[in-house]
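# Results of the structural survey
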Amino acid sequence: MRLQVFENYEEVSKAAAKIVASQIIVKPDCVLGLATGSTPVGMYRELCRMYRDGLLDFSAVTTFNLDEYYPIDRDNAQSYHTFMWENLFSHINVRKDAVHIPDGSALDAQTECDSYERVVTEKGVDLQILGIGQNGHIGFNEPDESLEVKTHVTALTDNTVHANSRFFESEEAVPKKALTMGIGTILAAKKIVLLACGKNKHDAIVGLLNGRVTTALPASFLNLHNDVIVICDKEAYEG
Ligand code: PGA
């Protein structure tokens, strides 16, 4: 696992965007695994800028998002579908049919997960972007006694419902379930970049970097992958 520590959020965002841009330049028809949350917003802004400046072409790129709330309508302002179109997809020339996000309005959540897993596994992710929860979750793989390998339906922990309630009218309005890639789905990516900013991520980063693997900190499984870059700001690293 390689570590890069930057002064602030802006620098983290630029460093992450450079890695994504390099991937697209080296392999124009690459498959990107994408994340939501506040952390990657600056990276997406930078990628949109590079596209506007004529430096990047997304026309052959395929994307798979990590997760989506369940149940939720695509058009809900808080869906990850809406987030991705607002923060990235509407501003670049990615093909609509090359964008994949778990369908939070699927009638049968498990069938949706199985089909998502099949497609993402078939395509194979070249570069997976991750954030990290304060509790060490990646995607919606929450700390538990055991972790799911494949894309699955999961219940959000109280900690995550609380952390995400800042985007909703109230804590009650946060969907209590999600569809998420599993730990195995994430680890199958060829390269992984995890972003973390702010003091509230410090404990999770310490746990990630301490060289042990535990289901109490799902991100720690990234230690089993041979090409992971952790990019964080000083606050996340130093606390
Ligand atoms: P955040 O979420 O970027 O909004 O902090 C990260 C996560 O929960 O994975």
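Below you will find a few notes about this structure.

Basis of the calculations
Residues numbered from 1 in each chain as written. Predicted model: local features only at pLDDT ≥ 70, side-chain atom pairs only at ≥ 80, totals over all residues. Heavy atoms only, no water. Helix = DSSP H or I, 4+ residues; strand = E, 2+ residues; numbered from the N terminus. Rg over C-alpha atoms; globule rule 2.2 N^0.38 Å. Buried < 20%, exposed > 50% of the residue type's maximum accessible area, 1.4 Å probe, protein only. Contact = heavy atoms within 4.5 Å. Areas by Shrake-Rupley, 256 points an atom, 1.4 Å probe, with all protein chains shown as cover. Near = heavy atom within 4 Å. Polar contact = N/O pair within 3.5 Å; in protein donor to acceptor, adjacent residues only side chain to side chain. 1 Å grid on protein atoms, 1.4 Å probe; cavity = no way out; pocket = protein on both sides within 12 Å on 5 of 7 lines; lining within 4 Å. Sits in = over half its atoms within 2 Å of the grid points. Nonpolar A, V, L, I, M, F, W, Y, C, P; charged D, E, K, R; others polar. Pairing = 2+ DSSP bridges. Axes fitted to C-alpha atoms, helices over the stretch in contact; angles between N-to-C directions. Core = buried A, V, L, I, M, F, W, Y, C linked by side-chain atoms within 4.5 Å. Points joined across faces, edges and corners; volume = space filled by probe spheres on them.

Next up on the list: the overall build of the protein chain. When you go through the protein chain residue by residue, the secondary structure sums to eight helices and 10 strands. The C-alpha radius of gyration computed for the protein chain amounts to 16 Å, which stays within 12% of the reference 18 Å derived for 239 residues, consistent with globular compactness. Out of the 239 residues belonging to the protein chain, those deemed buried represent 55%. Put simply, 79% of the contacts in the protein chain that link residues at least 6 apart link residues at least 24 apart. By element, 49% of the accessible surface of the protein chain is carried by carbon and sulfur atoms, the whole surface being about 11000 Å².

Next up on the list: helix α7 (residues 202-209). For α7, every residue scored as buried is listed here: His202, Ala204, Ile205, Gly207 and Leu208. Looking at the buried residues of α7, the elements they touch are β9 (191-196), β10 (228-233) and α8 (234-238).

Around the ligand, the neighbouring residues are Gly37, Ser38, Thr39, Gly131, Ile132, Gly133, His137, Arg166 and Lys201. A distance of 2.4 Å separates an oxygen atom of the ligand from a polar side-chain atom of threonine 39. Separating an oxygen atom of the ligand from a side-chain N or O atom of histidine 137 is a distance of 2.7 Å. Coverage of the ligand by the protein amounts to 84% of the 280 Å² it exposes when considered alone. Using a 2 Å cut-off from the grid points, one finds that the ligand occupies the largest pocket. Considered class by class, the residues forming the shell around the ligand number one nonpolar, six polar and two charged.

Next up on the list: the sheet that holds strand β8 (residues 177-180). Taking strand neighbours across the sheet as the criterion, the three strands line up as β4-β8-β7 in an open arrangement whose pairing is antiparallel. Each edge of the open sheet is held by one strand with a lone partner, namely β4 (67-70) and β7 (152-155). With strand direction ignored, the average angle separating the axes of adjacent strands in the sheet is 30°. One ladder, built from four bridges, connects β7 with β8; its direction is antiparallel. Across the sheet, the residue bridging to threonine 154 is alanine 178, located in β8.

Attention now moves to the nonpolar core. Counting residues in hydrophobic clusters, the biggest one holds 36 residues, and the most contacted among them are Met43, Leu47, Leu88, Phe89 and Ile231. Listed by contribution, the elements that provide at least two residues to this core are α1 (9-26), β2 (31-34), α2 (41-52), α3 (80-87), β6 (127-130), β9 and β10. In terms of residue count, the dominant contributor to this core is α1 (eight residues). Not counting residues up to four positions away in its chain, the partners in contact with isoleucine 231 are Gln4, Phe6, Val12, Ala15, Ala16, Ile19, Val193, Leu194, Leu195 and Ala196. By size, the runner-up hydrophobic cluster in this structure holds 29 residues, among which are Val120, Ile138, Ala204 and Leu217.

Over the atoms, a rolling probe the size of a water molecule traces out where space has been left empty. Volume-wise, the largest pocket comes out at about 630 Å³. The wall of the largest pocket is formed by 33 residues, among which Thr36, Gly37, Ser38, Asn164 and Arg166 lie closest to the centre. Listing elements by their share of the lining of the largest pocket, those giving two or more residues are β4, α3 and α5 (158-164). The leading source of residues in the lining of the largest pocket is α5, at four residues.

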